[in-house]
Amino acid sequence: MAAPLTLLLIVAVTIRAVLFRSSWAELISERVEVVSPLNAWKRVVEGLALLDLGVSPYSGDVFHETPFMIYLFHFVVDYAEIVFMIADGITAVALYLSIQTYNKNVFRKQKYALESDRYPADCLELLRSPKEMFYIPLKVAMFYLLNPFTILSCVAKSTCGLNNAIIALFILCTLKGSALLSGILLALATYQSIYPLTLFAPALLFFLQRLYIPVNLRRSSFWFFTLQYAFIYVGSLVVITGLSFFLLGSWDFIPSVYGFIFSVPDLTPNIGLFWYFFAEMFEHFRLFFICVFQINVFFYTIPLSIKLKEHPVFLIFMQIAIISIFKSYPTVGDVALYMAFLPAWSHLYRFLRNIFLVSCVLLACSALFPVLWHLWIYAGSANSNFYYAITLLFNFGQILLVSDYFYAYLRREHHLTHGLYLKKKDGTEATLVLK
Amino acid sequence: FRLSSLIGHISTCPSLIGQCCQRHPGSVDEFQEELVIRPLHSGDIYASFQFRTLWDTDFLQEGQKVSHYRLFPKSLGQVLSKFSVRELHISFTQGFWRTMQWGQPFIPSPPGAELWVWFHDTVSDVDGNWKELTNVLSGIFCASLNFIDLTNTVQPSASFKPLGLGNATDHRFLRYATLPREIVCTENLTPWKKLLPCGSKAGLAVLLKSEKLFHSSFHSQAVHIRPVCQDEQCTSKAWELRQTLNVVFDLYTAGQGKKEWSLFKMFSRTLTEACPLATSSKVYVDITDNPELFELSPATPLLSQAVVLGDRRTYSVFDLTRAETFGQLRSLNLLLRWKGDGGEMLRPLLHAERYVAGFGLQTGEIHTVIYNNHPYRAFPVLLMDSVPWYLQLYIHTLTVTSKSRDNKPSYIHYQPAKDRHRPHLLEMLIQLPPHSMTEVTVQFERALLKWTEYTPDPNHGFYVGSSVVSALVPSMVAMNTNFTQDQPLFSSFVPVKEESSYFVRVYTEPLLVNLPTPDFSMPYNVICLTCTVVAVGYGSFYNLLTRTFQVDEPSLPLAKRLANLIRRIRGVPLLT
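Residues numbered from 1 in each chain as written. Chains lettered and ligands numbered in written order. Predicted model: local features only at pLDDT ≥ 70, side-chain atom pairs only at ≥ 80, totals over all residues. Heavy atoms only, no water.

If you check an unreviewed UniProt entry, chain B appears there as GPI transamidase component PIG-T-like from Cyprinus carpio.

Chain A has the name Phosphatidylinositol glycan anchor biosynthesis, class U in an unreviewed UniProt entry, where Cyprinus carpio carpio is given as its organism. Among the UniProt annotations of chain A, the heading Sequence similarities (unreviewed entry) holds the following wording: "Belongs to the PIGU family." Looking at chain A in UniProt, the text filed under Pathway (unreviewed entry) is "Glycolipid biosynthesis; glycosylphosphatidylinositol-anchor biosynthesis." (UniProt positions renumbered as here; feature names shortened; annotations may be inferred.)

Novice: Can you help me understand the packing of helix α15 (residues 286–299) of chain A against helix α8 (residues 523–546) of chain B in this one?
Specialist: At a minimum axis distance of 12 Å, the contact between α15 of chain A and α8 of chain B shows a crossing angle of 25°. The orientation of α15 of chain A relative to α8 of chain B falls into the category roughly parallel. Where α15 of chain A crosses over α8 of chain B, the handedness of that crossing is left-handed. The segment α15 of chain A lies against α8 of chain B, with Phe289, Phe293, Asn296 and Phe299 of chain A engaging Thr530, Cys531, Val534 and Tyr538 of chain B. Taken together, the residues of the contact of α15 of chain A with α8 of chain B sort by class into 6 nonpolar, 2 polar and no charged. (Axes fitted to C-alpha atoms, helices over the stretch in contact; angles between N-to-C directions. Helix = DSSP H or I, 4+ residues; strand = E, 2+ residues; numbered from the N terminus. Parallel < 35°, antiparallel > 145°, perpendicular 65-115°, else oblique. Left-handed = near helix turned anticlockwise from the far one by under 90°. Contact = heavy atoms within 4.5 Å. Nonpolar A, V, L, I, M, F, W, Y, C, P; charged D, E, K, R; others polar.)

Novice: Help me out: how do you make sense of the interface of chain A and chain B in this one?
Specialist: It is common to give the size of an interface as the accessible area that goes away when the parts come together. With 70 residues of chain A at the interface, the matching set in chain B holds 55 residues. Summed over both partners, the interface of chain A with chain B comes to about 5,800 Å²; 65% of that surface belongs to carbon and sulfur atoms. At the boundary of chain A with chain B, the tally comes to 1 salt bridge. A salt bridge links lysine 450 of chain B to glutamate 283 of chain A; the nearest nitrogen and oxygen atoms lie 3.6 Å apart. Secondary-structure elements contributing two or more residues to the side of chain A that touches chain B are α3 (41–53), α14 (274–279), α15, α16 (301–307), α17 (312–326), α19 (355–379), α20 (384–418) and β1 (432–434) of chain A. Among the elements that take part in the side of chain A that touches chain B, α20 of chain A stands out by supplying 14 residues, more than any other. (Buried area = accessible area lost by both parts, 1.4 Å probe. Salt bridge = Lys/Arg side-chain N within 4 Å of Asp/Glu carboxyl O.)

Novice: It is not clear to me how a nonpolar patch on the surface should be interpreted in this structure. Could you clarify?
Specialist: Residue and element names in this part refer to chain A. Nonpolar side chains collect at one region of the surface, where Leu7, Val11, Ile15, Met142 and Leu146 lie side by side and expose about 380 Å² of accessible area between them. With 3 residues, helix α1 (residues 2–21) is the single largest residue contributor to the nonpolar patch. The topology assignment puts valine 11 in helix α1. (Patch = residues over 30% accessible without salt bridge, like charges linked within 9 Å, V, L, I, M, F, W, Y side chains within 5 Å. Areas by Shrake-Rupley, 256 points an atom, 1.4 Å probe, with all protein chains shown as cover.)

Novice: Which parts of the structure should I look at to understand the sheet that holds strand β12 (residues 303–308) of chain B?
Specialist: In any sheet, the strands associate via hydrogen bonds between backbone groups, in a parallel or an antiparallel arrangement. Residue and element names in this part refer to chain B. Taken together, 11 strands build an open sheet; the order of strands is β5-β6-β4-β3-β7-β8-β2-β1-β10-β13-β12 and the sheet is mixed. Looking at strand neighbours, the two that pair on one side only are β5 (153–154) and β12, the edges of this open sheet. In the sheet, strand β7 (residues 218–229) pairs with strand β8 (residues 237–249) via 12 bridges, with the strands oriented antiparallel. Within the sheet, the bridge partner assigned to phenylalanine 218 lies in β8 and is valine 248. Lying on the sheet, helix α5 (residues 186–194) is in contact with β2 (45–55), β7 and β8; it crosses β7 at an angle near 30°. (Pairing = 2+ DSSP bridges.)

Novice: Help me understand the sheet that holds strand β14 (residues 335–338) of chain B in this model?
Specialist: Residues and elements named next belong to chain B. Spatially, the 3 strands line up as an open sheet ordered β9-β14-β11, and their pairing is antiparallel. Of all strands in the sheet, those bounded by a partner on one side alone are β9 (260–262) and β11 (294–297). Averaged over all neighbouring strand pairs, the angle between strand axes comes to 15°, with direction disregarded. As paired strands, β9 and β14 are joined by 3 bridges and run antiparallel to one another. In the strand pairing of β14, tryptophan 261 is matched with leucine 336.

Novice: Mind showing me how you'd approach the pattern of salt bridges here?
Specialist: Where charged atoms from two side chains of opposite charge come close, those side chains can pair. All names here are of chain A. This structure, assessed with the given rule, holds 22 salt bridges over all chains. With a closest N to O distance of 3.3 Å, lysine 327 and aspartate 334 form a salt bridge. In this pair, the class of lysine 327 matches that of aspartate 334, namely buried. (Buried < 20%, exposed > 50% of the residue type's maximum accessible area, 1.4 Å probe, protein only.)

Novice: Honestly, the pairing of strand β24 (residues 468–474) of chain B in this entry has me stumped. Any pointers?
Specialist: Residues and elements named next belong to chain B. A large share of β24 lies buried, amounting to 6 of its 7 residues. Strand direction decides the pairing type here: strand β17 (residues 379–387) and β24, joined by 4 bridges, are antiparallel. Looking at the pairing, leucine 383 lines up with valine 469 of β24. Here 7 bridges tie β24 to strand β25 (residues 501–507), and the two strands are oriented antiparallel to one another. Residue valine 468 lies in a different strand from β25, and its bridge partner there is tyrosine 507.

Novice: Whenever I open this one, the pairing of strand β13 (residues 311–319) of chain B confuses me. Can you help?
Specialist: Each regular strand shows side chains that alternate between the opposite faces of the sheet. Residue and element names in this part refer to chain B. The buried count for β13 comes to 8 of 9 residues, which makes it a mostly enclosed element. Here 5 bridges tie strand β10 (residues 280–286) to β13, and the two strands are oriented antiparallel to one another. If you follow valine 285 over to β13, its bridge partner there is serine 316. As paired elements, β12 and β13 share 6 bridges and run antiparallel to each other. The residue of β13 that forms the bridge with glutamine 305 is threonine 314. Between β12 and the antiparallel strand that follows it, β13, lie 2 residues; leucine 309 among them carries a positive phi value of about 55°.

In structure tokens form, the structure reads like this:
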């Protein structure tokens, strides 16, 4: 499988290199759907220029990257294009290897369950075969590398690509079973943008499952491992934050980066729900709604963990999707990360209910974003409501997509325990509903 | 007591011919007024009033409160002592000074209101004092200076050095703010006139009638307060209050197209007497271009020469303290009649323009163009830009080009803006090559503001205050560095430190920038729609998390369910 992957990487790098050298690169790096005040390349360059002028980059309100980014780009700012292409490559390879490991796990568990006769007789067609699973890792890598969203994000040199690489490496280390590396990478991902904090729960569940520790709050083995993992995570976070302090000698970066993410002072339009809401918010209720919207991101972690405690990898997918939809400054790079996972759930296709509608909505919105932006900002014949409407529709489409896959996953699990062809009490064919 | 009042009376009498400004020993305060009329080549006329009160007292002395005010206005004196102000400069301007057509003004000022203040270094809370000071001045001048707050105040590090005594270098005690949107009208002129010792009843101030003054191309009134030396050795200090009013009357709007000006045509009044409280009251008419350009009547034998703004000009002097100036009609009405077409005006050596480039509501570029018209001398200029926080400047896009080559500034002081707290401040020292045009460009991005932060007419745009270009321009004529008591007021405003250059401050145009606006009628709709989308997400997840899959058993129709209820009560087997 190394050869097709290498070929894929070469094609991806070629596309990106061609776009870097064309006149489109300038245009793409200014698009608000692709860059946000948090991860725009122009702001990284501005921050480095301020540092050269002797002014702290955090003294103004233009630079919102962590000191780790200053440190990294201080050395490689001339090779930035190569750095972002390498980051995309790392993400793709990490996702490839992690999905490969996951598939092996899934197949092994399925084999044991089959041998111990745990599946009802009629759901044999739901079981997955190695033949079907063979190309899935390659498809995942392809979905990430050749996704137009990812290509746009890379050509714009948005640091979202680097954040995605860190999260992908975290997923790889988790699936390979190394708790130490997983904790360190999760701490790095949280340090970059706070929202990956919610990925702590699925990683913990995965390790508990892997080490055969039952998830029971009364057992000491559960707490023993949880505390160990939490200690690694929190310890690395503290160390990384401390090192950032020593880079510039002040704690200025905390209100500038994390305060900025939480309090949303900058209302530059993007593909998320926050900007127009807070542009039109009554001043009296602003704090309340900020808290509500931010809690909304973290709120689904516990319920989802309880429901999906046997399926931590699907939980990781759900969490990444929820973060991408509800975070304060989303970009298409965040959307591309969870979309890369979709080939891994291709066996759920028969249970998806709205996939045609959702794909049409997402395609139409992606096409309409630049059109309505131009009409508002440049032509002056539309106003901000048009762009806002497309934002709403795009997020609605994403929510439908994620909940559709969730429905399909739960339904397949139900069929695997209760049988595929269900019958009512009088023997006729039954329909399955959520009650 | 009688002796001091007698001495006071002597000082206000019409004094000796020629030596009118000799200070009598023991006098406490003194008032001088002057009017300079400069005809311009385009047919417009420039009139500059200056009223100066000099008072040796110390407002900032600990313990001693000044309570006996005579010529110095009490409102301003109280302001100085309460807020420990060392220097105060405030100007209200309507219109923009066209340097290329009118030359350099005696006292430059930007459009709108401008206020800059040096506080005494004993002040502990400068921001608190600044806020209270702006509110008090807003009341004194009937202007909306209360709009000055921390979001449009900057602390320039090099551009606004003190014009009076004192060698302060700590710019923490300096505050500068400008309100480009401020409109000047009669409401602002009336309290300004009230500060004069004679009010608008006697002296030159009778000419200040608002119907004529505001029917002009340019109108600027200012108040400058600073500590000065009383004599050459600077043995004692005095407070100087200068009230200046510059006005340019347009040939076509005020002059009805006829190149003939008189005091009556300009101000609808003539001069009848000097202010009795003034030690000197003079009218200067710039006759350097006489007799080729225009002729002046009545003629006067008194002439004076002064080197001002790098040029040696000749002035006819009309001394209003002498009775023969008014002639038989007891009124002085100067008449200037243009004869020829004139020639070319002397080009000002330093000139600046500014404009916004780009299209759309997302990004833009500010271009500042500075012209050095000196044929062979290069000199450095200090450019100060204060840009509001909602235009995010990108300093890495700053380019300075002279004669299409890169010209790196030798000193850059940049303070980036903090959203909703302070504006951008950019100060640069640029060396201008001789006879060249230097262009400074910087890119910016326009921010989307909260709907309550827009001005009442948001599509009018947002004003960006003028840039300030300060320079010591090399002078073709040797400047007068001697401190003389009988110097005309217009040449003694800016202290001259060296002979070979003079200080010039040029203000560029203010900018009007459009920002993207949200739809102001939509707050409730937006809240509902966004919450709907979030609720759709919440609802789907809630359903999937709390409900389980069950086989759908059809429920009995209503009639059978009621029958089953009755059967259960009766204890009889149920229907299916």
